[in-house]
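Chain by chain, the residues:
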Amino acid sequence: MTEKTLHIVGGGMAGSEAAWQAAHMGVDVVLHEMRPNVGTFAHQSGDFAEMVCSNSFRSDDDEQNAVGLLHWEMRKADGVIMATADENRLPAGGALAVDREAFAQAVTAKLRALPNVRVDYGEITDLPDDGSWIFATGPLTSPALGEAIARETGTDRLAFFDAIAPIVYADSIDMDVVWAQSRYDKGDTEEEQKAYLNCPMTKPQYEAFIDALLAADKTEFHDGETATYFDGCLPIEVMAERGRETLRFGPMKPIGLTNAHKPEDKPYAVVQLRRDNALGTLYNIVGFQTKMKYGAQTDVFKTIPGLENASFARLGGIHRNTFMNSPTLLDDQMRLKSRPNLRFAGQVTGVEGYVESAAMGLLAGRMAAAEILGRPLPKLPQDTAMGALIHHITGGAEAKTFQPMNVNFGLFRPVDGLKGGRRGRKDRYKAYTDRAKAAWTDWLSAFD
């Protein structure tokens, strides 16, 4: 390797995308990944881009949804994460869901096939003094490296607790009770319109479920730890503690669904399951992240109609999630202000979600490669989805209250002349996405 080598630490969504982008710009890449030699609580393999919480990249609507727009921008930039997701896509209504095992294996194979990418399976425990580096270690940054980051930044690691939903074997689901339907029959094909399995609950069943949920044994935190959760990944027990009806207006909402077995009976609440692999043998319980102890999980989840005899391929769990106070620590090139040879990308920077993490990896990879090659990039347009997100984490957010953020239209600058409020939302969102697509296309042309 030469002085043009880029070192990337972490083979998750962000690190994989960063390596792909930099390698295709002609830079030699060393991808450092500690798995499988050093494991984590959540990962099951040593594959790159392993999805641990869910198999969904969320909405694929690039005209009315900010996440879908981010998908569009990443596809336009020839991103490996989006291309591989499309190749391993599963029916999920209007969402983009994948066979997570096949997806990770494919990303790994693609990166290992690149002639200018070398993989180094070993743990990086300190911040290097020289060379060009991207740290994309994700929410499960190893303790040693986390301590090194804390020493350098002079701040304590900020942390919240992230929860994982359980996965059920399909052949253990009672299809005489459960029916297949996407909410509002969303999707262009019959397969898409029946991408979810639905478990109906009457009011008494729902009330009994809430009682069992609130009474169940939960994971306790260690001394000195506080439970500050990201709102997009709340454990169901925490939601239930906020009010008995909270779940019924969240992941258990019954709207847009008709019980195929009893069309005349409107469910009081519905638990949805989404296919988790291409074979259709595994389903994850949508929105059911949990901190219940394992024994309690099986007892509580088996009270759900249709899951009385369920077998679980994986139970839920909870882990500490580490992220930086990026508005104070990173510049607009994602470089650590105190050590500009180091960039950070992915969830450790304070973005939330697979798509957002991969997007920040895409930008970090391109920025680092351009710097190594002496080809400075034009300023990233703030009106793109990526621009709005990176602007938020590197200066647009309030540092004192900084928390992980999903991409959303609230991060976008207003479009002049458009109405605010709910009535003007459809036109406003279309204007955001049209403006973003034009700006992103122009920015990418700088690479041609």
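It should be noted that the structure appears before, not after, this text.
All values derive from a computational prediction rather than experimental measurement.

**A closer look at the overall build of the protein**
Moving on, step 1. Summing up its helical and strand segments, the protein has 13 helices and 17 strands in all.
Moving on, step 2. In terms of C-alpha radius of gyration, the protein reaches 22 Å, essentially the compact-globule figure of 22 Å for 448 residues.
Moving on, step 3. By principal-axis analysis of the C-alpha atoms, the protein measures approximately 65 × 55 × 45 Å.
Moving on, step 4. Burial status across the protein gives 58% buried among its 448 residues.
Moving on, step 5. Expressed as a percentage of contacts within the protein between residues at least 6 apart in sequence, the contacts between residues at least 24 apart total 70%.
Moving on, step 6. Across the protein, 48 positive and 60 negative side-chain charges occur, with their mean positions spaced 5 Å apart.

**Let's talk about the pattern of salt bridges**
Moving on, step 1. What the rule picks out here adds up to 22 salt bridges.
Moving on, step 2. A salt bridge links aspartate 60 to arginine 89, with the shortest nitrogen-to-oxygen separation between them at 3.2 Å. On the criterion of sequence distance, the pair formed by aspartate 60 in the loop between strand E3 (56–59) and helix H2 (66–76) and arginine 89 in strand E4 (residues 89–90) is long-range, its members being 29 residues apart.
Moving on, step 3. For aspartate 129, the salt bridge is made with arginine 339, and the minimal N-O distance between the two is 2.8 Å. Separated by 210 residues along the polypeptide, aspartate 129 in the loop between strand E6 (117–120) and strand E7 (132–135) and arginine 339 in strand E17 (residues 339–344) bring together distant segments of the chain.
Moving on, step 4. Relative accessible area serves as the criterion here: at 69%, aspartate 129 is assigned to the exposed category.
Moving on, step 5. Overall, arginine 339 belongs to the buried group, its relative accessible area being 15%.

**Brief notes about the packing of aromatic side chains**
Moving on, step 1. Evaluation of the coordinates by the stated rule reveals 15 aromatic pairs.
Moving on, step 2. Taking 5.2 Å as the distance between ring centres and 25° as the angle between the ring planes, the aromatic pair formed by tryptophan 440 and tryptophan 443 counts as stacked. Taken together, the positions of tryptophan 440 and tryptophan 443, both in helix H13 (residues 425–444) and three residues apart, correspond to about one turn of that helix.
Moving on, step 3. Within the aromatic cluster, the residues linked to one another by ring pairs are Phe209, Phe288, Phe301 and Phe312.
Moving on, step 4. Above the ring of tyrosine 268, the side-chain terminus of arginine 248 is found at 3.9 Å from the ring centroid.

**Comments concerning helix H9 (residues 294–301)**
Moving on, step 1. Every buried residue of H9 is accounted for by Ala296, Gln297, Val300 and Phe301. One side of H9 holds all its buried residues, which, seen down the axis, span an arc of 115°.
Moving on, step 2. Looking at the packing, one finds that the buried side of H9 touches helix H7 (203–215), helix H8 (236–241) and strand E14 (312–314).

**Quick word on the environment of alanine 22**
Moving on, step 1. Looking at the element boundaries, alanine 22 is found in helix H1 (residues 13–24).
Moving on, step 2. Using a relative accessible area of 0% as the deciding quantity, one classes alanine 22 as buried.
Moving on, step 3. Note: C-alpha distance between alanine 22 and proline 381 (359 residues apart in sequence) is 20 Å.
Moving on, step 4. Beyond its immediate sequence surroundings of up to four residues, alanine 22 is in contact with Leu6, Val27, Val29, Gly365 and Ala369.

**A look at the pairing of strand E13 (residues 282–285)**
Within a regular beta strand, the side chains point alternately toward one face of the sheet and then the other, so they alternate between its two faces.
Moving on, step 1. Taking every second residue as pointing to the same face, both faces of E13 are buried, with Leu282 and Asn284 on one and Tyr283 and Ile285 on the other.
Moving on, step 2. As paired elements, strand E9 (residues 167–169) and E13 share three bridges and run antiparallel to each other. Each residue of the ladder has a partner; that of isoleucine 167, found in E13, is asparagine 284.
Moving on, step 3. Alignment of strand E12 (residues 269–275) against E13, held across three bridges, turns out to be antiparallel. When the bridges of E13 are listed, leucine 273 appears paired with isoleucine 285.

**Section: the pairing of strand E11 (residues 196–201)**
Moving on, step 1. Within E11, six of the six residues are buried, which leaves it mostly tucked inside the rest of the structure.
Moving on, step 2. Going residue by residue along E11, you find Tyr196, Asn198 and Pro200 tucked away on one face and Leu197, Cys199 and Met201 tucked away on the opposite face as well.
Moving on, step 3. Pairing of strand E10 (residues 179–180) with E11, which is carried by two bridges, proceeds in the antiparallel orientation. Following the sheet pairing, alanine 180 is matched in E11 by leucine 197.
Moving on, step 4. Relative to E12, E11 is paired through six bridges, and the arrangement is antiparallel. Bridge pairing in E12 places cysteine 199 opposite valine 271.

**Topic: the side chain of aspartate 60**
Moving on, step 1. Classification of aspartate 60 as buried rests on a relative accessible area of 19%.
Moving on, step 2. In terms of polar contacts, aspartate 60 uses its side chain to reach the side chain of histidine 71, at 2.6 Å.
Moving on, step 3. Those residues in contact with aspartate 60, other than ones at most four positions away along the chain, are Gly68, His71, Arg75, Arg89, Gly94, Ala95 and Leu96.

**Here's the deal with the nonpolar core**
Moving on, step 1. Judged by nonpolar contacts, the single largest core of 76 residues is most densely connected at Phe57, Met74, Ile81, Phe103 and Leu363.
Moving on, step 2. In terms of residue count, the dominant contributor to this core is helix H11 (residues 354–373) (13 residues).
Moving on, step 3. Once residues lying within four places of it in the same chain are set aside, the contact partners of isoleucine 81 are Met13, Ser16, Glu17, Ala49, Phe57, Met74, Phe103, Val107 and Ala358.
Moving on, step 4. With 35 residues, the next largest nonpolar core counts Cys199, Ile210, Met292 and Ile304 among its residues.

**Describing the environment of methionine 25**
Moving on, step 1. Mapping methionine 25 onto the fold places it in the loop between H1 and strand E2 (28–32).
Moving on, step 2. With 340 residues separating them along the chain, methionine 25 and glycine 365 place their C-alpha atoms 9.2 Å apart.

**Observations concerning the packing of H1 against helix H4 (residues 100–112)**
Moving on, step 1. Packing of H1 against H4 leaves a shortest axis separation of 10 Å and a crossing angle of 30°. One finds that H1 runs roughly parallel with respect to H4. Crossing of H1 over H4 shows left-handed handedness. Residue-level inspection shows Met13, Ser16, Ala19 and Trp20 of H1 in contact with H4, the latter providing Phe103, Val107, Lys110 and Leu111.
Moving on, step 2. A per-class count over the contact of H1 with H4 returns six nonpolar, one polar and one charged.

What counts as what
Per chain, residues are indexed from 1 in the order of the written sequence. In keeping with the model being predicted, local features are shown solely for residues with a pLDDT of at least 70 and side-chain atom pairs are shown and tallied solely at 80 or more, while totals for entire chains, interfaces and linings include all residues. For the side-chain quantities, the full set of heavy atoms in the structure was used; hydrogens and water were omitted. Each helix is a run of DSSP H or I of at least 4 residues and each strand a run of E of at least 2, with the numbering of both proceeding from the N terminus. Note on method: radius of gyration uses C-alpha positions; expected globular size equals 2.2 Å times residues raised to 0.38. Under the scheme applied here, a residue whose accessible area is under 20% of the maximum for its type counts as buried, over 50% as exposed, and between as partly exposed, the area being computed with a 1.4 Å probe on protein chains only. Any two residues whose heavy atoms approach within 4.5 Å at even a single point are treated as in contact. Charge convention: Lys and Arg are scored as positive, Asp and Glu as negative, and His as well as the terminal groups of each chain are ignored. Note that the charge is assigned to NZ on lysines, CZ on arginines, CG on aspartates and CD on glutamates. Counted as salt bridges are all cases of a side-chain nitrogen of Lys or Arg within 4 Å of a carboxyl oxygen of Asp or Glu. For Phe, Tyr and Trp, rings pair up if their centres lie within 6.5 Å, where Trp contributes its six-membered ring, and each pair is then called stacked (planes under 30 degrees apart), edge-to-face (over 60) or tilted (otherwise). Here, a charge over a ring is recorded when the distance from Lys NZ or Arg CZ to the ring centre is within 6 Å and its angle to the ring normal is within 35 degrees. Think of the arc as the fan of directions from the helix axis to the C-beta atoms. A pair of strands is considered paired only if DSSP assigns at least 2 bridges between the two. Contacts described as polar in this section are N or O atom pairs within 3.5 Å, which, within protein, must combine one atom able to donate a hydrogen with one able to accept it, while residues neighboring in sequence count only if both atoms come from side chains. Working definition of a nonpolar core: buried Ala, Val, Leu, Ile, Met, Phe, Trp, Tyr and Cys residues. They are joined through side-chain atoms within 4.5 Å. Helix axes are fitted only over the stretch in contact, all axes being lines through C-alpha atoms; the angle between N-to-C directions runs from 0 to 180 degrees. Relative orientations are named as follows: roughly parallel for angles under 35 degrees, roughly antiparallel for angles over 145 degrees, roughly perpendicular for angles from 65 to 115 degrees, and oblique for any other angle. With the far helix as reference, a near helix turned anticlockwise by less than a right angle produces a left-handed crossing, and one turned clockwise produces a right-handed crossing. Under this grouping Gly is polar, as are all residues other than the nonpolar Ala, Val, Leu, Ile, Met, Phe, Trp, Tyr, Cys and Pro and the charged Asp, Glu, Lys and Arg.

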